[in-house]
Amino acid sequence: MWDKVLPRTLREQVALLPPEVGREIEELRLRAGYPMAAVRGGEEWVPEGWRRAILTESDLQRVLEMAGQGSVHTILDQLRSGFVTAAGGVRIGICGVGAVEDGRLLSFRQVTSLALRVPRAMAGVAEPLLPQLAPGRELPSTLLLSPPGVGKTTLLRDIIRCLSTGVWINPKRVGVADERGELGVGSLRAFLGPRVDVLAYCPKAAALGMLLRGMSPQVLAADEITDPQDIRAMEQAAGCGVTLLATAHGGSLEDLRRRPLYRELLDAGIFQAFVFLTRQGGKRTYRVWTGGEAP
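Conventions we followed
Residues numbered from 1 in each chain as written. Predicted model: local features only at pLDDT ≥ 70, side-chain atom pairs only at ≥ 80, totals over all residues. Heavy atoms only, no water. Core = buried A, V, L, I, M, F, W, Y, C linked by side-chain atoms within 4.5 Å. Buried < 20%, exposed > 50% of the residue type's maximum accessible area, 1.4 Å probe, protein only. Helix = DSSP H or I, 4+ residues; strand = E, 2+ residues; numbered from the N terminus. Contact = heavy atoms within 4.5 Å. Pairing = 2+ DSSP bridges. Disulfide = S-S within 2.5 Å. Phe/Tyr/Trp six-rings, centres within 6.5 Å; stacked < 30°, edge-to-face > 60°. Lys NZ or Arg CZ within 6 Å of the ring centre and 35° of its normal. Axes fitted to C-alpha atoms, helices over the stretch in contact; angles between N-to-C directions. Parallel < 35°, antiparallel > 145°, perpendicular 65-115°, else oblique. Left-handed = near helix turned anticlockwise from the far one by under 90°. Salt bridge = Lys/Arg side-chain N within 4 Å of Asp/Glu carboxyl O. pLDDT = per-residue confidence, 0-100. 1 Å grid on protein atoms, 1.4 Å probe; cavity = no way out; pocket = protein on both sides within 12 Å on 5 of 7 lines; lining within 4 Å. Points joined across faces, edges and corners; volume = space filled by probe spheres on them.

**Q** Tell me about the nonpolar core, and please be specific about residues and values.
**A** In globular proteins that are soluble, nonpolar side chains generally tend to be buried together. Core analysis: the largest hydrophobic core is formed by 31 residues, its most contacted members being L143, I225, M234, F271 and F274. The biggest single contributor to this core is helix α8 (residues 204-214), with 5 residues. With residues up to four places along the chain from it excluded, the contact list for I225 reads L143, K204, D230, I231, M234, A246, T247, Y262, L265 and F271. Judged by nonpolar contacts, the second largest core, of 29 residues, contains V150, I159, F191 and V275.

**Q** Outline the pairing of strand β6 (residues 104-117), supporting the account with residue identities and numerical values.
**A** Two elements, strand β1 (residues 27-31) and β6, share 5 bridges in a ladder whose sense is antiparallel. Following the sheet pairing, R29 is matched in β6 by A115. Sheet analysis places strand β5 (residues 91-101) next to β6, joined by 11 bridges and oriented antiparallel. By the bridge assignment, G98 is partnered in β6 with F108. Turn length for the β5-β6 hairpin, with the two strands adjacent in sequence and antiparallel, is 2 residues, and the turn residue D102 shows positive phi of about 55°.

**Q** Go over α8 with me, naming the residues and quoting the values.
**A** Looking at α8, one finds that the buried residues are K204, A205, A207, L208, G209, L211 and L212. Where α8 is buried, its residues contact β8 (174-178), β9 (196-200), β10 (219-222) and α9 (228-239).

**Q** Please give an account of the state of the cysteines that cites residues and values.
**A** Overall, the coordinates contain 0 disulfides when judged by the stated rule. Here C240 stays unpaired: no disulfide links it, and the sulfur of C202, its closest cysteine neighbor, is 18 Å away.

**Q** Describe the packing of aromatic side chains, listing the residues and the values that go with them.
**A** A complete count under the given rule lists 1 aromatic pair for this structure. A ring pair is formed by F274 and W289, whose centres lie 5.5 Å apart and whose planes are at 35°; its orientation type is tilted. With a gap of 15 residues between them, F274 in strand β12 (residues 273-280) and W289 in strand β13 (residues 283-289) connect regions that are remote in the sequence. Its end group placed over the ring of W168, R137 keeps NZ or CZ at 3.9 Å from the ring centre.

**Q** Tell me about the packing of α8 against α9, residues and numbers included.
**A** Contact geometry for α8 and α9: axes closest at 8 Å, N-to-C directions at 15°. With respect to α9, the element α8 is oriented roughly parallel. Relative to α9, α8 is oriented so that their crossing is left-handed. Residues K204, A205, L208 and L212 of α8 lie in contact with α9, whose contacting residues are Q229, D230, A233, M234, Q236 and A237.

**Q** Please give an account of the pattern of salt bridges that cites residues and values.
**A** Inspection of the entire model under this criterion finds 20 salt bridges. R161 serves as the salt-bridge partner of E127, at 2.8 Å between the closest nitrogen and oxygen. With E127 in the loop between β6 and α5 (130-133) and R161 in helix α6 (residues 152-165), the pair connects residues that are 34 residues apart, well separated along the chain. Among the ionic contacts, a cluster of salt bridges with common partners joins R91, R180, E182 and E224.

**Q** Lay out the confidence of the model for the protein chain with the relevant residues and their values.
**A** Of the residues in the protein chain, 94% have a pLDDT of 70 or more, and the chain-wide mean is 90. Per-residue pLDDT, averaged within each element of the protein chain, yields its smallest value for helix α4 (residues 76-79) (62) and its largest for β10 (98).

**Q** Report on the sheet that holds β10, specifying residues and quantitative values.
**A** Strand order in the open sheet made by the 7 strands is β9-β8-β10-β11-β7-β12-β13, with mixed pairing throughout. Among the strands making up the open sheet, the edge pair consists of β9 and β13. Along the sheet, successive strands turn relative to each other by an average axial angle of 20°, direction set aside. Relative to strand β11 (residues 243-249), β10 runs parallel, the two sharing 4 bridges. Its bridge partner lying in β11, V219 is registered against T243. Across the face of the sheet, α8 comes into contact with β8, β9 and β10 while running at roughly 160° to β8.

**Q** Any details on empty space enclosed by the protein? Residues and values, ideally.
**A** Scanning all chains against the criterion turns up 1 cavity of 30 Å³ or more. Taken as a whole, the largest cavity spans an internal volume of roughly 50 Å³. Lining the largest cavity, in full, are A177, D178, E179, R180, E182, L183, K204 and D223.

**Q** An account of the sheet that holds strand β3 (residues 43-45) is requested, with residue identities and associated values reported.
**A** Two pairing modes exist for strands in a sheet, parallel and antiparallel, and in both the strands are linked by backbone hydrogen bonds. Strand order in the open sheet made by the 6 strands is β3-β2-β1-β6-β5-β4, with antiparallel pairing throughout. Of all the strands in the sheet, just β3 and β4 (83-85) have a single pairing partner and so form its edges. The average angle at which neighbouring strand axes cross in this sheet is 35°, direction not considered. Relative to β3, strand β2 (residues 37-40) is paired through 3 bridges, and the arrangement is antiparallel. Residue pairing in the sheet places V39 in a bridge with E44 of β3. The strands that helix α3 (residues 57-67) touches are β1, β4, β5 and β6; relative to β6, the one it contacts most, it runs at about 95°.

This is the structure we're talking about:
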């Protein structure tokens, strides 16, 4: 995975870590003027062997060039969103000095920070939730909620796997709108199983409509609802009898109701179940709500 996004010197630093630690890395943080840092269990730290290797802006530019397979220009459209999705689904968040025209980010004049989020294909994380989430072995339309970086995408990916392979839930055809290439691109595609159709690097709303019309999905899945058009597409799919599976940033239903976009989503009533993710003591916890008094 790292050979697609990290120059040799940085890959060598990662290789210094004990294998069990390397497998648990959630993110790498690269900041010009500082050593590379790792995130594990939600906590950021700089391993002893990394502390003398101070990064430069050239190091960060090299990472972006590798993510763009030799040219930053090839990933300009993704740069405008503040992130790049590299081979294998590694998501690279970007900070620096933006080049803006008419209020629109065109590119970056200077790159000062990168956050490389590791895609985790973790089989089994969803399975303890399924008896409560789908007691009749049929998944209701479900929204996964958590603050950023807690594991929504990892859980979403594993629920898709369970739907596709029939773990606890009756097996279904799943259409995946993978706008950022984090759910089912590259080696992640095989993880999702045999009944999954992935439409990647296409805007979510358009992808949901294309999947609905062209692939006859029984379930439609998408990561991070962020746009009113996403909600329109989901309402249309729900009206066609398709089960929906999606994620959003928030710690509670009350959090969502404070924001007009998500208030509209809740008022539409297209989700019957909610899963709340939190991190306690470095470990993720999951809480399912399917009715009754709102949490």
